[in-house]
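Structural features, examined
Each chain is listed here by its residues.
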Amino acid sequence: MAERVEELADRAPRKTAERAASGPPAILLHGVTKTFGETQAVGDLNLEVPRGRLYGLIGPNGAGKTTAIRMIMSILQPDCGSVSVLGHRSALDAKDRIGYLPEERGLYRKMRVGTFLEYMGRLKGVTASILPERVGHRLEQLGLEQYLSKRCEELSKGTQQKIQFLAAVMHDPDLLILDEPFSGLDPVSTLQLRKLINIEHDRGATIVFSTHVMAHAEELCDHVVMIHRGRKVLDDSIADIRSRYDPRTIHLQPFRADADAAPLRQLLEVEDIVRNDAELQIRLAAGTDPAAALARIASAIPCSRIELARPTLEEIFVRTVSGAAAGRPR
């Protein structure tokens, strides 16, 4: 099953660059704010998503990600600010070009899977005569052909979620918006869905998905937008983020598991050492040149493996939020 998805991913046409180069941004938000009572869910949000890109909207639960998505989809209207989706002032004017997987999952439980997917395709303007073949192809992508005639209520929660994802892409949308798409999925299903997202991206679709699991965004996205308490705290490509945040940790595996770490503690570059089974995790002092530190550490103790550990998006988020809090007036 997983191999089938991988094979389809390898065959997918790569049109992202061409699609990204033409037309206005897929999504453009300017000064968007939304308040519920005394709670500001989103504050003064500016966002530009070029066509053909894969953006991750990341942050903890309650950060404002779903509210932002609902304003993009015109489910909610902002208190102030402007929204443009595929060149239109409302997503409703481009609804047949958008695929949407909401946070609240929902299927027509009594419908059979094939009938449900055909119905969703017709709602999005897919020609009726090609729908049966397209439904079969989509189910094949996830190895779900055996569920064609089953009622949606007979499926497991994870399978229902995959069927709803297929419903969102039945019409080959130009813009695909996914709100917490991996929630509740087991690791195998998560891997399958990630590969399908890549297939859609390689086809040329612009994709925006929200997640509080930042590792998912790190593995999939070329660009991330971090939101904290309704406000954007970071908006940059994965490559630029990694280049800007210098690695501060070195992983070292000595030739001998019981090797004495005392020679390392004498180095000025070393701030702290944590032993994790047979590996040493070495924290570098602020301002240290990682490349120079690698050479000095490798010469101080015989090792079978030594490498820099770049900070994860989660670590960068914590640093960013902590820095903002430290700079905020009391």
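Criteria and cut-off values
Residues numbered from 1 in each chain as written. Predicted model: local features only at pLDDT ≥ 70, side-chain atom pairs only at ≥ 80, totals over all residues. Heavy atoms only, no water. pLDDT = per-residue confidence, 0-100. Contact = heavy atoms within 4.5 Å. Salt bridge = Lys/Arg side-chain N within 4 Å of Asp/Glu carboxyl O. Buried < 20%, exposed > 50% of the residue type's maximum accessible area, 1.4 Å probe, protein only. Helix = DSSP H or I, 4+ residues; strand = E, 2+ residues; numbered from the N terminus. Phe/Tyr/Trp six-rings, centres within 6.5 Å; stacked < 30°, edge-to-face > 60°. Pairing = 2+ DSSP bridges. Right-handed = clockwise from strand over helix to strand, strands pointing away. Axes fitted to C-alpha atoms, helices over the stretch in contact; angles between N-to-C directions. Core = buried A, V, L, I, M, F, W, Y, C linked by side-chain atoms within 4.5 Å. Parallel < 35°, antiparallel > 145°, perpendicular 65-115°, else oblique. Left-handed = near helix turned anticlockwise from the far one by under 90°. Nonpolar A, V, L, I, M, F, W, Y, C, P; charged D, E, K, R; others polar.

Of all residues in the protein, 90% have pLDDT values of 70 or greater, and the mean over the chain is 87. Of the regions scoring below 50 in pLDDT, residues 6–21 engages in 24 contacts with residues more than four places distant in sequence or in other chains.

Let us now look at the pattern of salt bridges. Scanning the entire structure with this criterion turns up 15 salt bridges. For Asp 235, the salt bridge goes to Lys 232, with nearest N and O atoms at 3.1 Å. You can call Asp 235 partly exposed: its relative accessible area is 28%. The class for Lys 232 is partly exposed, based on a relative accessible area of 33%. Connected through shared salt-bridge partners, Arg 134, Arg 138, Asp 172, Glu 200 and Arg 203 make up one network.

Along helix α3 (residues 65–72), 7 of the 8 residues are buried, which leaves the element largely enclosed by surrounding structure. The complete set of buried residues in α3 reads Lys 65, Thr 66, Thr 67, Ala 68, Ile 69, Met 71 and Ile 72. Just beyond α3, the residue with positive phi is Ser 74, at close to 65°.

Right, let's get into the packing of aromatic side chains. Tallied over the entire structure, the rule returns 3 aromatic pairs. The rings of Tyr 108, Phe 116 and Tyr 119 are connected pair by pair, giving a single aromatic cluster.

We now examine the pairing of strand β7 (residues 206–211). Two faces, one strand: in a regular strand the side chains alternate between the faces of the sheet. Burial analysis of β7 places 6 of its 6 residues in the buried class, the great majority of the element. Here β7 shows a buried face lined by Thr 206, Val 208 and Ser 210 and a second buried face lined by Ile 207, Phe 209 and Thr 211. Looking at chain direction, strand β3 (residues 54–58) and β7 are connected through 5 bridges and run parallel. Each bridged residue has a counterpart across the sheet, and for Leu 57 the counterpart in β7 is Ser 210. Of the crossover connections in this fold, the one passing from strand β6 (residues 175–179) over helix α7 (residues 187–203) to the parallel β7 is right-handed.

A sheet is described by the order of its strands in space; here 6 strands give the open sequence β5-β6-β7-β3-β8-β9, paired in mixed fashion. Unpaired on one side and paired on the other, β5 (98–101) and β9 (231–237) mark the two borders of the sheet. Between one strand and the next, the sheet's axes are offset by a mean angle of 15°, whatever the strand orientation. Strands in contact with α3 are β3, β5, β6 and β7; relative to β6, the strand with the most contacts, it is inclined by about 150°. Contacting β5 and β6, helix α6 (residues 157–169) runs over the sheet at an angle of about 165° to β5.

Of all hydrophobic cores here, the largest spans 47 residues; its most connected members are Leu 117, Ile 163, Phe 165 and Leu 313. Tallying contributions element by element places α6 first for this core, with 6 residues. For Phe 165, the contacting residues outside a window of four places in its chain are Leu 101, Leu 176, Leu 178, Leu 193, Leu 196 and Ile 197. Counting residues in hydrophobic clusters, the runner-up holds 27 residues, among them Val 49, Ile 72, Val 85 and Leu 175.

Their axes nearest at 8 Å, the elements helix α4 (residues 113–123) and α6 cross at an angle of 30°. In terms of orientation, α4 lies roughly parallel with respect to α6. Two packed elements cross with a definite hand, and for α4 against α6 that hand is right-handed. For the pair α4 and α6, the contacting residues are Val 113, Phe 116, Leu 117 and Met 120 in the first and Ile 163, Leu 166 and Ala 167 in the second.

This part takes up the packing of α4 against helix α5 (residues 131–141). Contact geometry for α4 and α5: axes closest at 10 Å, N-to-C directions at 115°. You can see that α4 and α5 cross each other, and the crossing is right-handed. When α4 is examined against α5, the residues Val 113, Gly 114, Leu 117, Glu 118, Gly 121 and Arg 122 are found in contact with a partner set consisting of Leu 131, Pro 132, Val 135 and Leu 139. The residue inventory of the contact of α4 with α5, partitioned by class, reads 6 nonpolar, 2 polar and 2 charged.

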